[in-house]
Number of protein chains: 2
Amino acid sequence: MNATTALHAINAERLHGLLTSLARFGALPGGGMDRQALSEEDFQARAWLLEQAQALGCELYTDACANLFIRRPGREALAPVMTGSHIDTQPSGGTLDGCYGVMAGLECLHALNEAGIETRRPIELVVWTNEEGSRFSPGAMGSSAYVQPERLATYREHLDRSGISVGQALDAHAARFAALAQRAAIPAHAFVELHIEQGPVLEQAGVPLGVVSGIQGVRWYQLTCHGAAAHAGTTPMPMRRDAMRLAMASAQRIEALAEGLAGAELRLTFGRWNVHPNAINTIAGQVSFSVDFRHADPAVLAAFDAQLPACLADNVSLEPLFSHAPTAFAPALLEVLEQACQATGLAHLPLRSGAFHDAMYLAGHCPTAMLFVPSRGGISHNPAEFTEPAHLEAGARALAYALVALADQP
Amino acid sequence: MNATTALHAINAERLHGLLTSLARFGALPGGGMDRQALSEEDFQARAWLLEQAQALGCELYTDACANLFIRRPGREALAPVMTGSHIDTQPSGGTLDGCYGVMAGLECLHALNEAGIETRRPIELVVWTNEEGSRFSPGAMGSSAYVQPERLATYREHLDRSGISVGQALDAHAARFAALAQRAAIPAHAFVELHIEQGPVLEQAGVPLGVVSGIQGVRWYQLTCHGAAAHAGTTPMPMRRDAMRLAMASAQRIEALAEGLAGAELRLTFGRWNVHPNAINTIAGQVSFSVDFRHADPAVLAAFDAQLPACLADNVSLEPLFSHAPTAFAPALLEVLEQACQATGLAHLPLRSGAFHDAMYLAGHCPTAMLFVPSRGGISHNPAEFTEPAHLEAGARALAYALVALADQP
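What counts, and at which threshold
Residues numbered from 1 in each chain as written. Chains lettered and ligands numbered in written order. Predicted model: local features only at pLDDT ≥ 70, side-chain atom pairs only at ≥ 80, totals over all residues. Helix = DSSP H or I, 4+ residues; strand = E, 2+ residues; numbered from the N terminus. Rg over C-alpha atoms; globule rule 2.2 N^0.38 Å. Buried ≥ 20, exposed ≤ 12 C-beta atoms within 10 Å, placed from the backbone. Contact = placed C-beta atoms within 7 Å. Core = buried A, V, L, I, M, F, W, Y, C linked by C-beta atoms within 7 Å. Least-squares fit on C-alpha atoms with pLDDT ≥ 70 in both. Arc of directions from axis to C-beta. Pairing = 2+ DSSP bridges. Nonpolar A, V, L, I, M, F, W, Y, C, P; charged D, E, K, R; others polar. pLDDT = per-residue confidence, 0-100.

Take the overall build of chain A next. In terms of helices and strands, chain A carries 13 helices and 17 strands. Its C-alpha atoms give chain A a radius of gyration of 23 Å, within 12% of the compact-globule value 22 Å for 410 residues. Along the first, second and third principal axes, the C-alpha atoms of chain A reach 80 × 45 × 40 Å. Of all 410 residues assigned to chain A, the portion counted as buried reaches 55%. Taking contacts inside chain A between residues at least 6 apart in sequence as the whole, the part at least 24 apart equals 80%.

The following block contains the structure:
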């Protein structure tokens, strides 16, 4: 069977070489990566990648948001099976976040060529532009503009810190890669994204592969607690309006609400705090803090939205910052990914993604799912990001199996 | 009786004029004051004040820390009764903090002259240098150097933000006021400081005068809670080491400890917070916060010091930042101040100062006590600082009575 052959054709050393080669572009002196979207480093990495793809006999395309499509033709003129991720990084990021999915996809193309496998459907490796959102806001720009092209006009206006717009950066990309054919979005048979977990679940379970059933929905709020700044020495407790005490009490009430709704699935974070005037001997007059609540069930998120205002005191104001609905991946595709994991002979478990990925947007375009491999210590967005080579290989093997199995579907 | 005569000789309009005149030096365009210690504005204010004092027939002295002594001679060569405060302000301060005590003292000298009162002891109005500590650290520099002259050598090394040392600023003062006689510290019969409360107690009680029995002692600590920064979406709650949750739990335990020790006298403030990395979607890896605990009883402060470490988790580190013992004012002097308040015919109540004052150091030199008048809304260190003119008058009347009563003591 082609899928099993593809799995066995994966070459761990070649995969390691591809990751190492990509990591040259934007490497930081002390370790780690800084390859911002549409930067010179990104352009050089793309040029290197396109050269590799051309040598493999692939067709190359780009689109209005500088996404790259590397197409290995199939026997029939059917919608392709897509895989891929992103190659932009955080300002002090690692070598695997996004890059692993793209390099593992490239290794799959190598393996298929080497094994002389022909698939019914084309297989396309995709590089989505600006997933991190660290140079240009928002993240997942390329994948969201692919699925909803009407977003692009607004995106083009967004500026980086030096005042360069997305539009200017995209125009520079088009000029630099003028030889690439432009292509609008096309129907796809499936999209499979392979990624490091960026969390501790697989590592702590001692399991090398995760089949991702979906992405949690999220609610971001900012709460502002209004008190009165006053002298820490002269103001008796009953006369205080201490915004920090109000904030701590509010956080407790929010935690009780979220715990009641989410139970063991709770993911609640108060990550960003702003205390004013922030002096040792002054009672805080105003404290703002962020609430990040995630859940896979839209009903739980809706209940949180509905009940949050009532659990806050009058002198606490609430500002919604961001929200995103949960994504449930395609059940038929999850079955194929489970078969692929079984085919590796390694343990795997189902889990949910707490982080956003390009797959979140692709799920609105075609049947979509993800595969995870462990992240050591759950660490990501950090030069210390690391995954065991054996786990990187396992992920690539499962991906190769899944791509070929899907590409041979009628 | 001289003391009662002095009380009635206080002229509220003249007092208002003195405060308004002083407020010209370093007035901010939008209201409020910026008169930093030993600045040009301070020098001009001092020159104006010395001119007033000279016109009243007083003797003028200064010392090695640029404190000013305005002496109204007595009939006998006895230790003087001293009063005064400071005229430096916060960078965006009000017109009353410190200034009120000095101008009320000057009004007392006016009143005594006008009423032709001779006292047995000299009365000295003092301006203490750099009480606020906002240009040069530490605060209460002049009064502490007066009481403990060995402090001065170190103080002279301290720099302001533009790199000017206390030594340079003191030398500039000596050159500017070269005509003043230099005098070392002398024994005093008593020191009485009149000040605005800078807290809400008198206002909320509807009482215009407070007899201050002492100054609370203080403990400042910095706590640092060590966790691990991690992704808010990918990290399940049981696998988190959230430094912010640790900080909130620590604050609760500290509050329980302090409440148990201090009961209704509790003054506990968590005013300064530092959260790292302080991002919405990242669990805090490290959180520091300050603890400000004040109490009048040295035993309570000592118990807090002793029990604090045991109530913190292992991953919380504790750094003492500052401590000061409580000050108990002289009982015999408090009796005279109560009589003075009674002599005004107005309500008064005993209270404790939660803020530091020059009187805290003078208490180590001679019998010392303080009088408070209300602060509207408890607000100080702010252009909105305000006290009813009737309350300013009441304080000056009580001060006049007390100074004369004390100066007539054998």
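Below, the discussion takes up the nonpolar core. Judged by nonpolar contacts, the single largest core of 97 residues is most densely connected at Ala6, Leu371, Leu399, Ala400, Tyr401, Ala402 and Leu403 of chain B. Tallying contributions element by element places helix H13 (residues 389–407) of chain B first for this core, with 13 residues. Among all residues touching leucine 403 of chain B, those that are not within four sequence positions of it are Val81, Thr83, Cys108, Ile123 and Val192 of chain B. By size, the runner-up hydrophobic cluster in this structure holds 94 residues, among which are Leu49, Ile70, Leu106 and Ala400 of chain A.

The next thing to look at is the relation of the copies chain A and chain B. One copy of the chain maps onto the second through a rotation about an axis and a displacement along it. When chain A is brought onto chain B, the operation consists of a screw motion whose angular component is 179° and whose axial shift is 0.1 Å, with 0.1 Å RMSD remaining. Here the transformation between the copies is reduced to the relation of a two-fold axis. The C-alpha atom lying nearest the rotation axis in chain A is that of methionine 248 of chain A; the distance is 3.4 Å. Interface residue correspondence from chain A to chain B reaches 100%, placing this contact among same-surface, isologous pairings.

All names here are of chain A. Among the residues of helix H7 (residues 166–176), Val166, Ala169, Leu170 and His173 are the ones counted as buried. For H7, the buried positions fall inside an angular range of 100° around the axis, keeping them on one side. Against helix H6 (152–155) lie the buried residues of H7.

We now examine the pairing of strand E6 (residues 190–196) of chain B. Residue and element names in this part refer to chain B. For E6, a buried count of 7 out of 7 residues is recorded, marking the element as mostly surrounded by other parts of the structure. Direction of pairing for strand E3 (residues 81–85) relative to E6: parallel, over a ladder of 3 bridges. Of the residues in E6, the one forming a bridge with valine 81 is alanine 190. Across 6 bridges, the pairing between E6 and strand E17 (residues 368–373) is parallel. Each residue of the ladder has a partner; that of glutamate 193, found in E17, is methionine 370.

Taken residue by residue, the interface counts 43 residues in chain A and 43 residues in chain B. Contributions of two or more residues to the side of chain A that touches chain B are made by helix H8 (201–205), strand E8 (217–226), strand E9 (230–231), helix H9 (243–262), strand E11 (273–276), strand E12 (282–283) and strand E13 (286–295) of chain A. Tallied by class, residues from the side of chain A that touches chain B come to 21 nonpolar, 17 polar and 5 charged.

Let's shift gears to the confidence of the model for chain A. Per-residue confidence for chain A gives a mean pLDDT of 96, with 100% of residues at or over 70. Quick note on the complex model: pTM equals 0.85, ipTM equals 0.85.

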